[in-house]
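Structural overview
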Amino acid sequence: MRLTIRHTTRYSFDAPVSHGLQQLRKTPKTGQQQRVVRWRTEVEGGHKELSFTDHHNNLVELVSFDRDTQSLAVISEGEVEIRDTSGVLGPHVGPAPLWLYRRGTALTKAGSGVRGLARTVEGETELDRLHSLMQVIHAAVAFEIGEPQTDWGAEEALAAGKGVCQDHTHIFITAAREMGWPARYVSGYLMLDDRVEQEAMHAWAEAHVAGLGWVGFDVANGIAPDNRYVRVATGLDYAEAAPVTGLRTGGAGEALSVRIGVAQQ
Amino acid sequence: MGDGGFFDEMWRDAGEVREPYRRFNAWFEDENPRDLLAKQREAEDLFRLAGITFNVYGRAEAEERLIPFDIIPRIIANAEWQRLSRGIEQRVRAINAFLHDIYHRQEIVKAGRLPEGMLARNAAFLPQMIGVKPPGGIYTHVVGIDLVRTGPGQFYVLEDNARTPSGVSYMLENRETMLQMFPELFVRNRVQPVQTYPADLRRSLAASAPAGTAGRPTVAVLTPGIYNSAYYEHAFLADQMGVDLVEGHDLRVVDGRVAMRTTRGYKPIDVLYRRVDDDFLDPLNFTPESQLGIPGIMDVYRSGGITIANAPGTGIADDKAIYSYMPEIVEFYTGERPLLENVPTWRCSDPDALAYVLDNLADLVVKEVHGSGGYGMLIGPTATKKEIAAFRRKLRARPGHYIAQPTLALSTVPIFSRAGLAPRHVDLRPFVLCSPEGVRITPGGLTRVALKKGSLVVNSSQGGGTKDTWVLED
Amino acid sequence: MLGKTANGLFWMYRYLERAENTARLIETGQRIALTRSGASDLEWRPVLQTAGVYDAYLAAHQDVTKDAAIDWLLRSKDNPSSVIHCIAAARQNARLVRTALTHEVWEATNGAHMRAQHLLARKVGERDLPAVLGTIRQATSLVRGATHGTMLRNDIYDFARIGTFLERADNTARILDVKYYVLLPSVTSIGSSLDNVQWETILRSVSARGGFRMEYGNSYEPQDIAKFLILDRRMPRSLAFCVRKLRDNLGYLVECYGKRPEAWHKADHIDRAYLSHTIDTIFDYGLHEFIQRLLDLLSELGAQIEKDYRFYE
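Residues numbered from 1 in each chain as written. Chains lettered and ligands numbered in written order. Predicted model: local features only at pLDDT ≥ 70, side-chain atom pairs only at ≥ 80, totals over all residues. Heavy atoms only, no water.

Looking along the chain, the bond that leaves Ala 309 of chain B and enters Asn 310 of chain B is cis, with omega of -5 degrees. Looking at where Asn 310 of chain B falls in the secondary structure, it is placed in the loop between β12 (307-309) and α12 (320-323). Positive phi, close to 70 degrees, is recorded for Asn 57 of chain A, a residue that is not glycine. Of note, Asn 57 of chain A is situated in the loop between β3 (46-53) and β4 (59-65). If you check the backbone angles, Ala 252 of chain A has positive phi at about 50 degrees while not being a glycine. Along the chain, Ala 252 of chain A falls in the loop between β14 (244-250) and β15 (254-264). (Helix = DSSP H or I, 4+ residues; strand = E, 2+ residues; numbered from the N terminus.)

Written out as structure tokens, the structure reads:
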């Protein structure tokens, strides 16, 4: 399937920003199951300083704010071709060693909630148990449309019993690591069948299963990612795969508007 | 004059002076002790006027203290030094190769020579360095290897300081002070010079500049600021190298480079000799609250736009648990037997080792795996029952945080006191520079001396002093 | 040069200059107290005003007494313009810009600090005051001497000089601001002993008694004193001298950096629009208004220098 994607993030600030930087992880990955046909990211109110590939193989672009700007827009646009592999991505390739994906982070720290949840998981094979984990979380945490609480970790979301895709994903990777699987966070795009315009990127999880390699789990929707899913960035948690990580001085309050369009060609 | 079974570097047991000290002793015997006491005080005044001070952690901001300086030099014969420096060079090359390996293919883990857990569960392992190629392939541009001696020709490596070793300014100022006060000594003894260190450091840093640097590389020293305990040294090195001394707020990312704010605008830096810890280096990538760092410097580094010396993530080579694997590490990367010995080390994470350590606490030195500066350690033989009991609890609670070593019979060198010469325990920190041009070791290094009788703790933060260290020419 | 370094040099030399100025004000105050019969502690009020610390003093004290005023000016930790504080701040800035200083300048500054800390550790008795002030002045002079004798004449030196002369101009202007009324022709009753003392005080507080006598002899005419302190380009503490030096040093920076910044134009403007007149023109303008205006302009100039040379982000 071939998807065209357009993603605009627009910030407006209450006061001029004297200095600021944003790390962007907005370029889809090229791999076995997806190919980037064309992609470009443009910035208004700032400029690109540099780019590099990080240890999760994400393309990171560093953008600085123009001096005293009161708005910044990042516009990404392109075309990606995807194969349906039923969520299976295959063997791990670096640069990060596989063991790194067993590490917990502040947002994916297991507590009694996640441990309790993990104990209810059943299944014969590794894959069965991971699917069971996905269903258990899907059932326990209601999907709620709205703003994600970026500082919420897996435990907080689980205790609240509701959350957005980010929270489902955090709970899944926390539990999966607790149960012995390397796991990671994926931020990306999902083509919706009923509409083109969206307000947020999607997130899902991947766990590493012996013999198969990395396998995807869209916990929020309770399904395996297929050819509607575009993988953009991966990391140990949201913080490492976030489309934007920023820091600024000045500017006071900010207003954010995000417009995403994902359409089949 | 050797004291209770300790090896004295100046005297044999029979009160006979050892060869390297022969000329020095002849001079010393002709001197009037009262004049020397006056000289000792004069040295202190020189240090104070020059502002050679350090700030004590956890004390009032303004408190600046002198590190006591002892006028009796520590003297090493050239042959001995040559042996040592071969061992140091071997070790430093291995550390660099090790750092490259663990941040790339991790062959040492695959070969089963280092357990994966030593990296996976190590807070000093910096994932952001995975796959990064430091300019020139150098991770540790400046290394300090702490050595102790227990007998003739018997040296041990106590610690590797691969992240930001300090003390080199004292090595240089100690020599400067001795040259000023006792010029005649340097006529009688042919002492290998140390004064080229700043120029060597500058050359070494410049040689490590990113590929494609045009012209003479711009080097700067990054300091946490004037309240840092080692600020004097930061300013001293910048001054001696003739480069700028910068703080985080002087720098920002401009046009894909790290640039410093000058009176004429922003000027890009090619090599940053940083004396700021990894955690505080970049608030965008590490600790967001850090006021000391430069947002985005890691991004510039990862895109190849700057050399950071030492490279982020080198701290893992300082780690005391990794230390216990150094013999394997040296062999794995050099294919040779280690020339320098490690102190036997029990890793308390291993249940058998823990049991042994708990049974023998009164005879052992216990250290925190990530600690430094002599803080948070237990010296069994001098500890009280209460201290030992407290450490027993700590060890049981978090065994993985500790290693233990036998109490070493550190050698002694006399210090000059009112009562004349008195033996005190010493260690030695030679300074090593690495660049694509090679490894360079300054002859000697910093001798730290425990001024308190019988004490084995040489750290300046805990009552240690320093001595000028001589390596004689043949 | 780093913007931070330029800032550090600027303030290091401002603080040194201020330490000297405060020391001189204390000497002047003490001199009046000793030589004038019936002098009351109230005489210390204008001294505190001239040092710009009167309000802060009152916030910390019930009333003005000689002892308290001297201690406030000399060694109070709560007074940022006290001698001990200025020297400590100069030395702190010197540490910050250590790499820009010669060994001699650093040691002289550090030595001045060590002496001040030692001498001012306890309250200074009246008998010791002259010797203590003399020692401190010597110590700061040593820094100046080392600066002249060992520093390269490059931008480092220029910023040091700019800090010195901005502080000095400010100090002279403040002395005039507090005492302007005794210089006004309308209120003079020539030759009264009161006025003689006032004028002498002014001249003393800028170390200008000798210089003035050389030029004008022994008779104090208020206009002459005003002219000497404001317009005489040979007098190293006059406003005209200091502002011309500021402009010159900003000019050397232009030679070094190749760009004429706003600060240079500001200094040039002060020099030409305010300090190239006769003293009568200034009296016509209004001495008080004139001094007020100059204080404002000097402060604007300081801010402009900070901006032009990127002292801060």
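All names here are of chain C. By size, the foremost hydrophobic cluster in this structure holds 108 residues, and its most contacted members are Phe 159, Ile 230, Leu 250 and Leu 275. Considering each element in turn, this core owes the most residues, 13 residues, to helix α8 (residues 155-183). When we break this core down by domain, the ones giving at least three residues each are domain 1 (1-151) and domain 2 (152-313). Each residue touching Leu 250, except ones within four places of it in the same chain, is listed here: Ile 162, Ala 263, Trp 264, Ala 267, Leu 301, Ile 305 and Tyr 309. (Core = buried A, V, L, I, M, F, W, Y, C linked by side-chain atoms within 4.5 Å. Buried < 20%, exposed > 50% of the residue type's maximum accessible area, 1.4 Å probe, protein only. Domains from an automatic or database assignment. Contact = heavy atoms within 4.5 Å.)

Attention now goes to the pattern of salt bridges. Residues and elements named next belong to chain C. Scanning the model with the defined rule gives 65 salt bridges over all chains in all. Two residues, Arg 14 and Glu 167, come together in a salt bridge whose shortest N-O distance is 2.8 Å. Highlighted residues: Arg 14 in helix α1 (residues 3-35) and Glu 167 in helix α8, separated in sequence by 153 residues. Overlapping salt bridges bring together Arg 233, Arg 244, Arg 247, Asp 248, Asp 268, Asp 271 and Arg 272 as one network. (Salt bridge = Lys/Arg side-chain N within 4 Å of Asp/Glu carboxyl O.)

How big an interface is tends to be reported as the loss of accessible area on association of its parts. Each partner contributes residues to the interface: chain B has 27 residues there, and chain C has 25 residues. With both chains or domains summed, chain B and chain C bury close to 2400 Å², and 47% of this area falls on carbon and sulfur atoms. When the area that chain B buries against chain C is broken down by residue, the three leading residues are Leu 49, Arg 261 and Thr 263 of chain B, summing to 31%. Inspection of the region where chain B meets chain C yields five salt bridges. Here Asp 239 of chain B and Arg 98 of chain C are joined by a salt bridge, their closest N and O atoms 3.7 Å apart. Remark: the boundary between chain B and chain C carries 16 residue pairs in polar contact (both at pLDDT 80 or more). Where the side of chain B that touches chain C is concerned, the elements lending two or more residues are α2 (33-50), α9 (231-241), β7 (244-246), β9 (257-262) and β10 (265-268) of chain B. (Buried area = accessible area lost by both parts, 1.4 Å probe. Polar contact = N/O pair within 3.5 Å; in protein donor to acceptor, adjacent residues only side chain to side chain.)

Residue and element names in this part refer to chain B. Across the sheet, which stays open at both edges, the four strands sit in the order β7-β6-β11-β12 with parallel pairing between neighbours. Strand pairing shows two members of the sheet lacking a second neighbour, β7 and β12, which therefore form its edges. Direction aside, neighbouring strands of the sheet carry axes that sit 25 degrees apart on average. Judged from the four bridges that link them, strand β6 (residues 219-222) and strand β11 (residues 271-274) form a sheet pairing that is parallel. Bridge pairing in β11 places Val 219 opposite Val 271. Strands in contact with α9 are β6, β7 and β11; relative to β7, the strand with the most contacts, it is inclined by about 150 degrees. (Pairing = 2+ DSSP bridges. Axes fitted to C-alpha atoms, helices over the stretch in contact; angles between N-to-C directions.)

This brings us to the domain arrangement of chain C. Residue and element names in this part refer to chain C. On domain assignment, one finds that chain C holds domain 1 (1-151) and domain 2 (152-313). Taking only C-alpha atoms, the centre of domain 1 and the centre of domain 2 are 20 Å apart. Counting residues at the interface gives 30 residues for domain 1 and 33 residues for domain 2. Each partner contributes to the roughly 2900 Å² buried at the junction of domain 1 and domain 2, and carbon and sulfur atoms together form 58% of this total. Seen at the junction of domain 1 and domain 2, the total is four salt bridges. Linking Arg 237 and Glu 17 is a salt bridge whose minimum nitrogen-to-oxygen distance equals 2.5 Å. Across the contact surface, domain 1 and domain 2 share eleven residue pairs in polar contact (both at pLDDT 80 or more). Among the elements of the structure, α1, α2 (44-50) and α7 (129-150) are those that each provide at least two residues to the side of domain 1 that touches domain 2. Residue contributions to the side of domain 1 that touches domain 2 peak at 17 residues, all from α1. When grouped by side-chain class, the residues that make up the side of domain 1 that touches domain 2 number twelve nonpolar, ten polar and eight charged. (Nonpolar A, V, L, I, M, F, W, Y, C, P; charged D, E, K, R; others polar.)

Residue and element names in this part refer to chain B. Contact geometry of helix α14 (residues 351-359) with helix α15 (residues 385-397) gives a least axis separation of 11 Å together with a crossing angle of 175 degrees. Considered as vectors, α14 and α15 are oriented roughly antiparallel to each other. In this structure, α14 contributes Leu 354, Val 357 and Leu 358 to the contact, and α15 contributes Arg 392, Leu 395 and Arg 396. Class assignment of the residues belonging to the contact of α14 with α15 gives a composition of four nonpolar, no polar and two charged. (Parallel < 35°, antiparallel > 145°, perpendicular 65-115°, else oblique.)

Another aspect to go through is the environment of Lys 48 of chain A. Residue and element names in this part refer to chain A. With respect to the helices, strands and loops of the structure, Lys 48 is situated in strand β3. For the pair Lys 48 and Gln 22, spaced 26 residues apart in the sequence, the C-alpha separation amounts to 9.4 Å. Excluding anything up to four places from it in sequence, Lys 48 contacts Thr 41, Val 43, Glu 61, Leu 62 and Val 63. One polar contact links the side chain of Lys 48 to the main-chain carbonyl oxygen of Thr 41, over a distance of 2.7 Å. A polar contact of 3.0 Å, which involves the side chain of Lys 48, links it to the side chain of Glu 61.

Now for the domain arrangement of chain A. All names here are of chain A. Split by domain assignment, chain A resolves into domain 1 (2-82 + 244-264) and domain 2 (88-240). Between the C-alpha centres of domain 1 and domain 2 the distance comes to 23 Å. In this assembly, 26 residues from domain 1 lie in contact with 29 residues from domain 2. Summing both partners gives a buried area of about 2300 Å² for domain 1 against domain 2, and 56% of it is carried by carbon and sulfur. It is His 56, Ile 260 and Val 262 that lose the most area in domain 1 upon contact with domain 2, and together they represent 27% of the buried surface on that side. Summed over the shared surface of domain 1 and domain 2, the number is one salt bridge. Here Glu 197 and Arg 259 are joined by a salt bridge, their closest N and O atoms 3.9 Å apart. Joining domain 1 to domain 2, the criterion identifies twelve residue pairs in polar contact (both at pLDDT 80 or more). Contributing elements (two or more residues each) for the side of domain 1 that touches domain 2: β1 (2-24), β2 (34-44), β5 (69-82) and β15. The element best represented in the side of domain 1 that touches domain 2 is β15, accounting for seven residues.

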